[in-house]
Structure formats: C-alpha cells, structure tokens
Amino acid sequence: MKQVPNKEGFMPVDSLWGAQTLSSTLQQNTIAPKHKKENSNHFTSGFALLFLILLFLFFREILFTVPNIIRNTFNLKGQKALEERLSSVNQRDITALMGALFLTLFIVITFENYFEESTGIQSFLLIPASFGVIVVYWIFKSLMLRFAGWLSKAKQPFLLIGKLGYNHLILAAIATIPVILIPIFTTEFNEALLLKTLMYCYLALFVLYFIRVYQILISYHFSHFFYILYLCTVEILPIALFINFLLSHQ
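## What about the overall build of the chain?
Part 1 of the argument: What the chain contains, in helices and strands, is 8 helices and 0 strands.
Part 2 of the argument: Scanning the chain from its N terminus toward the C terminus, one meets helices and strands in the order α-α-α-α-α-α-α-α.
Part 3 of the argument: Burial analysis of the chain (250 residues in total) assigns 33% to the buried set.
Part 4 of the argument: Considering only contacts within the chain whose residues lie at least 6 apart along the sequence, 72% involve residues at least 24 apart.

Below is the structure:
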C-alpha cells in the first residue's frame, strides 16, 4: 500500500521500512539461533563419539579398575594395597581420566539448556569449560598437596591422599550412572530432583573421602587442628569459591 504524505509534506515514520523488510529481519533472527543450536548439537555429538571411542580403547583398564574401586570403597587397607602395584595405578589413572570425561559429557547433555538460558553458554563452550574446571581444580589440589608435603616434610601421606582423590572421582562417575537412568523408569523424576539426588550422592562421597583423609593424617601423627586447616584450605575453599562464582553469575 502506497504511503501518502501528511499536510506538512513528510512521509510517516513507518514508511522507512515495509512489511518485506520486517519479514526479512524476523527470518534472520529466527534462523541464527537455530543454526547455532545445530552447531552445538554437532559438537556435543562429536564429543560423545570421542568418548565412546576412548571407552572402547580403554575398556580393559576400566573393567579391571572399577570392580577393585567398588570392592575397596570402605576398606582403606585395600585401597593402599591397590596403590602398591604400578600396573593397577596406571589403569586407575586412565579410568579417572575417563571418569572426568564422562562427568563432562553428563553435564553437557543434562544441563545444556539450563546453562544456555541462564548464562548464554552453549555446548561447544560448556564442554571445555566443564572439563577445564575439573582439570584446574585437580592441578590446584596437586600443587597444594605437594606444598603440604614439602611444608610438613612428609610427602607420603599427601601422595596417598591425592591417589585416593582419583578413586573418589571414579566413584562419583559410577554413582552418576544409576541416577541418570532413573528417568527411564519413571516420569515423575524432573531435572531439579535429578540434580538434588546427585548432590546427595556426591556429598556422601565427599564425607567418605574426608574420613579417609582423617584416617591417613592421624595415622601419620598429624594433629586434629592440621586436619581442619587442610580441609578448609585444600578441599572446601576451592569448591566454595566455585559455587559462589556460579551463584553470582545466575
């Protein structure tokens, strides 16, 4: 429809763009997010395929390690005996790496929409971010354990604590598997309940890990004050800072 000038000789403001221009703009805005979503899905699928390939390559190591870790979950002597064999240690380290990759894949698949809606982070960024958090935390913890061993002139207990940390990372990955399978058997299990159940499982594993750390430090004649100081600086502080970071960016 042709626009008619008003009495002053000026065309109406809406004559600057027609229906065709508006349609073209809306179409571009609709296609762009869809294109980004498809790229994110392709990236997630590629990461899942990589994980399956690595799972196939290291299945033998995982098959050996997981039953031993589960069998000695509540047996500190059994975990110490497992650390005395070099081959089992290497297999355990590979399994711990696979556990970290599995937890990363789980976070991306389960909470991708949540992070994208709340922070705008898409899966192709969420994957390296999630795995990077695990790696950075582990590097920080390794450095702190080395520093504590140097400061106390007793390296052995802190090396053992670090190795038990790998075992509990594997246990966290194992505990995640049955929880994420629950929605298959019931429709009343929503995302919030899934997250809460996982938090309870991880908290139980953390408590068990703290007990193991206490047993090790006390067996090497460290004081209870040193144990509390260790928990606050090495274990609890980085986790608390990370949770505060997440809450402040919601």
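## With respect to unusual backbone geometry
Part 1 of the argument: In the Ramachandran plot, Lys153 falls in the positive-phi region, its phi being about 60° despite a non-glycine side chain.
Part 2 of the argument: Assignment of secondary structure puts Lys153 in the loop between α5 (123-152) and α6 (155-185).
Part 3 of the argument: We classify Lys153 as exposed; its relative accessible area is 79%.
Part 4 of the argument: A positive phi angle is found at His221, which is not glycine, with a value near 65°.
Part 5 of the argument: Since its relative accessible area comes to 74%, His221 is described here as exposed.

## Quick word on helix α2 (residues 59-71)
Part 1 of the argument: With 13 residues, α2 extends 18 Å from end C-alpha to end C-alpha; this agrees with the ideal 18 Å at 1.5 Å per step.
Part 2 of the argument: Every buried residue of α2 is accounted for by Glu61, Ile62, Thr65, Asn68 and Ile69. Burial along α2 is one-sided: seen end-on, the buried residues are contained in an arc of 145°. Opposite its buried face, α2 presents the exposed residues Arg60, Leu63 and Arg71, each directed more than 90 degrees away.

## Here we look at the confidence of the model for the chain
Part 1 of the argument: Across the chain, the average pLDDT comes to 80, with 76% of residues at or above 70.
Part 2 of the argument: Every residue in residues 13-32 is under pLDDT 50, and counting partners more than four places away or in other chains gives 2 contacts.

## Observations concerning the side chain of Gln91
Part 1 of the argument: Among the structural elements, Gln91 can be located in helix α4 (residues 86-119).
Part 2 of the argument: Classification of Gln91 as buried rests on a relative accessible area of 18%.
Part 3 of the argument: Ignoring anything within four residues of it in the chain, the contact list for Gln91 reads Glu61, Phe64 and Thr65.

## Here we look at the pattern of salt bridges
Part 1 of the argument: Summed over all chains, the structure comprises 3 salt bridges.
Part 2 of the argument: Two residues, Glu83 and Arg92, come together in a salt bridge whose shortest N-O distance is 2.4 Å.
Part 3 of the argument: Connected through shared salt-bridge partners, Glu83, Arg92 and Asp93 make up one network.

## Overview of helix α3 (residues 76-83)
Part 1 of the argument: Buried within α3 are the following residues: Leu76, Gly78, Gln79, Leu82 and Glu83. Each buried residue of α3 sits inside an arc of 160° when the element is viewed along its axis, so together they form one side.
Part 2 of the argument: Two to three positions downstream of the cap, the backbone nitrogen of Lys77 sits 3.2 Å from a side-chain oxygen, assigning the N-cap of α3 to Asn75.

## Regarding the environment of Trp138
Part 1 of the argument: On the secondary structure map, Trp138 appears in helix α5.
Part 2 of the argument: Its relative accessible area of 18% is what places Trp138 among the buried residues.
Part 3 of the argument: Put simply, Trp138 and Gly165 are 27 residues apart on the chain and 9.2 Å apart in space, counted from C-alpha to C-alpha.
Part 4 of the argument: Beyond its immediate sequence surroundings of up to four residues, Trp138 is in contact with Gly165, Tyr166 and Leu169.

Parameters and conventions
Residues numbered from 1 in each chain as written. Predicted model: local features only at pLDDT ≥ 70, side-chain atom pairs only at ≥ 80, totals over all residues. Heavy atoms only, no water. Helix = DSSP H or I, 4+ residues; strand = E, 2+ residues; numbered from the N terminus. Buried < 20%, exposed > 50% of the residue type's maximum accessible area, 1.4 Å probe, protein only. Contact = heavy atoms within 4.5 Å. Expected span 1.5 Å × (residues − 1). Arc of directions from axis to C-beta. pLDDT = per-residue confidence, 0-100. Salt bridge = Lys/Arg side-chain N within 4 Å of Asp/Glu carboxyl O. Polar contact = N/O pair within 3.5 Å; in protein donor to acceptor, adjacent residues only side chain to side chain.

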